[in-house]
Amino acid sequence: MKDVIIRPERCMSCHSCEVACAVAHSRNKNLFSAVGEDPTPRKRISVEFLPALGASMPVTCRHCKDAPCVSVCPTKALTQDTDTGMVIRNLERCVDCWTCSTVCTRFSSLYQLILATGCWNSSMLCTHKIIDRRTEKGTAIKCDLCEGRELPACVEACPTHALVFAEVEGR
């Protein structure tokens, strides 16, 4: 199965992925028309700055069915709503152990970067804004890999190939 793989070392924080995602999920699929739509098209990816790394990275969550990040969380900071399937993070329980990133194919490269730099001061808390993002109706805003497109819009828009669409195992 293919998925979006994040390569944080290549991100230059241009936010092109965010814009492309919102436009791809708009009614008109056009940047200029999307700006005036009501409700405003919402992105499924967000570029977040990690102060300890001094770098930005794209963050996105698919709210996987039987999400592996939930099952490995040692403090139960991550749970999955049985009705909506949304992965929910309890910020007070998160201890920044990064265990969740070891089983998420999207974040495994970030985890390797953290290991390589020894930068354990980078907080997983920066991802809460995108993981906990909801619609006005309370349902999760999930990355759907831009169904119907050959490449997800975020991947296509990324000028540095910080996002790639590739086969992953174990999903």
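Reading the values: rules and limits
- Residues numbered from 1 in each chain as written.
- Predicted model: local features only at pLDDT ≥ 70, side-chain atom pairs only at ≥ 80, totals over all residues.
- Heavy atoms only, no water.
- pLDDT = per-residue confidence, 0-100.
- Helix = DSSP H or I, 4+ residues; strand = E, 2+ residues; numbered from the N terminus.
- Core = buried A, V, L, I, M, F, W, Y, C linked by side-chain atoms within 4.5 Å.
- Buried < 20%, exposed > 50% of the residue type's maximum accessible area, 1.4 Å probe, protein only.
- Contact = heavy atoms within 4.5 Å.

Scored by pLDDT, the protein comes out at a mean of 80, with 78% of its residues at no less than 70. The secondary structure element of the protein with the lowest average pLDDT is helix α6 (residues 128-131), at 50, and the one with the highest is helix α7 (residues 153-157), at 96.

Further remarks concern the nonpolar core. Judged by nonpolar contacts, the single largest core of 18 residues is most densely connected at Val4, Cys17, Ile45, Cys154 and Leu163. Listed by contribution, the elements that provide at least two residues to this core are β1 (2-6), α1 (16-24), β2 (45-50), β3 (55-60) and α7. Looking at this core element by element, the count peaks at three residues for β2. Not counting residues up to four positions away in its chain, the partners in contact with Leu163 are Val4, Ile5, Ile6, Cys17, Ile45, Pro58, Cys154, Val155 and Cys158. Judged by nonpolar contacts, the second largest core, of ten residues, contains Leu78, Val87, Cys94 and Cys100.

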